[in-house]
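# Examining the three-dimensional arrangement
The residues making up each chain are set out below.
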Amino acid sequence: MVGAAPPLIELRDINRIYGGPPSTKPAVQVLFDVSLSIEPGEFVAIVGASGSGKSTLMNLLGCLDKPSSGTYLFQGRDVAQLSPDELAQLRRETFGFVFQGYHLIPTESASENVQMPAIYAGMDEGARVARAAELLSSLGLADKLDNRPNQLSGGQQQRVSIARALMNGGRVILADEPTGALDSRSGAEVMALLRKLSNSGHTIILITHDHEVAAVADRIIEIRDGCILSDSRPETATEPRLEQPLPPPEHRRSPWVSEIKDATRSALRSMFINRHRTALTLLGVIIGVASVIVMLAVGEGARQRVMDQMGTMGTTIIYLSSSSPPNGVAKGQLTEEDLEAIGELPLIRRVMPVIGDPITVRRGSVDRQVYVFAANETMPDIHRWQLAQGRYYTDAEDRDLAPLVVLGHRAAKQFFPDMDVPLGQQLLIGNSPFEVVGVMQERGADSGAQAYDDMVFVPYHAARARVYQAQTQPDYVVIDAQDSSTVLEAEQDMRQLLTQRHGGREDFSIGNAAARLQAEASTRQAMSMMLGLIAAVSLVVGGIGVMNVMLMTVRERTREIGIRMATGARQSDIMRQFLTEAVLLTITGGCLGVLAGAVVGIGLIFGGVDVVFSLRAALGAFGCAVVTGMVFGYMPARTAAALDPVQALAGE
Ligand code: ADP
Ligand code: MG
């Protein structure tokens, strides 16, 4: 035995049994009490006929598989004690695998394949690219860096896989039938390469069925039916062979960024390779995101229109008029005293009785039917409307029956086309002269109130005395409550007061414009919530599409996952890669969905629908899409991460 230091590799009584409980397959024992030790720097060939258990042994040596019983000590450490991440680290930093079938990732270039172990080791990009180029050049592939595996010959592919095995140092090279698929010349080249690596200090474990190939090694272990038959360890090997120190790979402890870059690159490639499938999946996400955005925008548009309508009159307006009580007695009367009593209620701010009818109004030769709006001095306040010229009449003038008139914007133009400022002029309303004291501002096209621009406004009492002589009570009364939050209480108080004053009869009716509009708004809101729900459902459907595609991707790329694991990817790396793919898919879908939503929304605007886009809705829908990708990508990603490396490598 060699010195005091433990051997590099020591196997004690290793057995490997496939199948058996808990699986339903019959138990097959492949390795029987295998014990061997390998020193640093040795070049060992394990020879045996096909089916003798060589690959099984190599998978155990490379920590891709675990023995059913027995102990594997690596540098004196029991490998069975290591966590999956520590095993991944061992594979990444110590072992380099070379397989009969090369096991290169078909969608990546030679250089990218070689770089993979370094990505998981956290080497930074510049150093990684340079080292891959250097390794490939030293193996005669300087001009093939960007070739895909299918653009390379078998011998070239095997050299790429050797370069990959050396990327992180490759202290121990495990080569399983590396020449098995090669013509004899390429095979000889690969063997010469392994010889050279051995001479420069790498420990090489070569597996072959070919004794001629095995002869290149310093030591030959023969295996048959899972048992070691002979071991040619030469006596001379007792003198310790110093392992040449290899350039340690540069380790950076945050492989995150480069891994995500790598994952993004491979995701984009796989999306492109399966572009029809990708397009269909994206369509689901796009429809989901776009419909969320459009539905919310339409809902918001409707809500804002209602708000606008409420805004012109305020949210505190209550209408009151007399009516016949349900039991059909005479119609009630709203007296001046009733209105005064209402005005004194604490929750009521203003009371405005209104009489209005089309009346003939004349000035010189102009003679028109005009709606004469008789109300008190609170009209501009209640209607949130200001004067353009002159002034409004006062409460005192109203009570004095002053014959004053304020003109709507268009009425002023119609009666005084010759004058910019008609203040002080006379108008005949009915048969009574009224003096113009003011002109209102243009009401304009906001909220369908432009009919007000045609009206003229006169004091309530003056109109009743001079124009509406037959009228004993207002057509209706506009009541302005103190506050929109107490408008319903104000209505209650008013109803109670009037019922009491009218001897218990409810011979009046109260309408609340704000309440009606609010009810309308909440119906619309319920409607848009329902639409939003439909949209959300379609987003979920999109997510399920993403999951479906990701599951297919994982199944199709089982071998790639195995390769990544053999080169040292942790389970979390695999998980991150597939999650990145799912999220990338939904981010792409989300972006296109936002775009589609905007296009549809703009189309609706041209179609006359009220649409109000909100950044929040767009960001929300986009965020939902990304979260959907994460949620629905999680399961496939976990499936991928949980794959067994040996089985994954064997997968098609
Ligand atoms: P070799 O590489 O020497 O050709 P293997 O190690 O691949 O041999 O296989 C040795 C034996 O183990 C073969 O008989 C094979 O059928 C069996 N075997 C390998 N893998 C499995 C498995 N996953 N399940 C069941 N039997 C297996
Ligand atoms: Mg084999």
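On a predicted model such as this, the values are computed, not experimentally measured, just so you know.

## Comments concerning the sheet that holds strand β1 (residues 9–18)
What links the strands of a sheet is backbone hydrogen bonding, and the strands pair in either a parallel or an antiparallel sense. If you walk across this open sheet you meet the four strands as β2-β1-β4-β5, and the pairing is antiparallel. Bordering the open sheet on either side are β2 (28–38) and β5 (77–78), each of which pairs with just one other strand. Where β1 meets β2, seven bridges bridge the pair, whose relative direction is antiparallel. The partner of Ile17 across the bridge, within β2, is Gln29. Packing against the sheet, helix α1 (residues 54–61) makes contact with β1, β2 and β4 (69–74), and its axis sits at approximately 125° to β1.

## A short note on the packing of helix α8 (residues 256–273) against helix α18 (residues 571–606)
The relative placement of two packed helices comes down to the angle between their axes together with the axis-to-axis distance. Packing of α8 against α18 brings their axes to within 9 Å, and their N-to-C directions diverge by 55°. With respect to each other, α8 and α18 are oriented oblique. The hand of the α8/α18 crossing is right-handed. On the side of α8, the interface is formed by Trp256, Glu259, Ile260, Ala263, Thr264, Ser266, Ala267, Leu268, Ser270 and Met271, while α18 contributes Asp573, Arg576, Gln577, Thr580, Glu581, Leu584, Leu585 and Thr588.

## Describing the side chain of Glu560
Inspection of the secondary structure puts Glu560 in helix α17 (residues 558–566). Residues within four places of Glu560 in sequence aside, it is in contact with Ile105 and Gln577.

## A word on the confidence of the model for the protein chain
When the pLDDT values of the protein chain are averaged, the result is 86; 92% of them are 70 or greater. Note that residues 236–240 has pLDDT below 50 and, in this model, two contacts with residues that lie over four places away or in other chains.

## Quick notes on the environment of Gln469
You can see Gln469 is positioned in the loop between α14 (460–466) and β19 (476–481). The exposed category is assigned to Gln469, whose relative accessible area is 58%.

## Overview of the packing of helix α3 (residues 110–121) against α8
The geometry of α3 relative to α8 is characterised by a closest axis approach of 10 Å and an angle of 140° between their N-to-C directions. Viewed along their axes, α3 and α8 form a crossing whose handedness is left-handed. Each of Glu112, Ile119 and Tyr120 in α3 lies in contact with α8, whose residues at this interface are Ser258, Glu259, Asp262, Arg265 and Arg269. Taken together, the residues of the contact of α3 with α8 sort by class into two nonpolar, one polar and five charged.

## Considerations on the side chain of Thr586
Its place among the elements puts Thr586 in helix α18. Setting aside residues no more than four positions away along its own chain, Thr586 makes contact with Val285, Val546, Ala625, Val626 and Gly629.

## What about the pairing of strand β13 (residues 366–375)?
Bridging between strand β12 (residues 348–363) and β13 involves nine bridges; their strand directions are antiparallel. Across the sheet, Pro358 pairs through a bridge with Tyr371, a residue of β13. Connecting β12 to the next strand, β13, in antiparallel fashion are two residues, including Gly364 with a positive phi near 55°. Two strands pair when backbone bridges link them, and β13 and strand β18 (residues 456–459) are joined in this way by four bridges, in the parallel orientation. Within β18, the position partnered with Phe373 by the bridge is Phe457.

Rules of the game
- Residues numbered from 1 in each chain as written.
- Chains lettered and ligands numbered in written order.
- Predicted model: local features only at pLDDT ≥ 70, side-chain atom pairs only at ≥ 80, totals over all residues.
- Heavy atoms only, no water.
- Pairing = 2+ DSSP bridges.
- Helix = DSSP H or I, 4+ residues; strand = E, 2+ residues; numbered from the N terminus.
- Contact = heavy atoms within 4.5 Å.
- Axes fitted to C-alpha atoms, helices over the stretch in contact; angles between N-to-C directions.
- Parallel < 35°, antiparallel > 145°, perpendicular 65-115°, else oblique.
- Left-handed = near helix turned anticlockwise from the far one by under 90°.
- pLDDT = per-residue confidence, 0-100.
- Buried < 20%, exposed > 50% of the residue type's maximum accessible area, 1.4 Å probe, protein only.
- Nonpolar A, V, L, I, M, F, W, Y, C, P; charged D, E, K, R; others polar.

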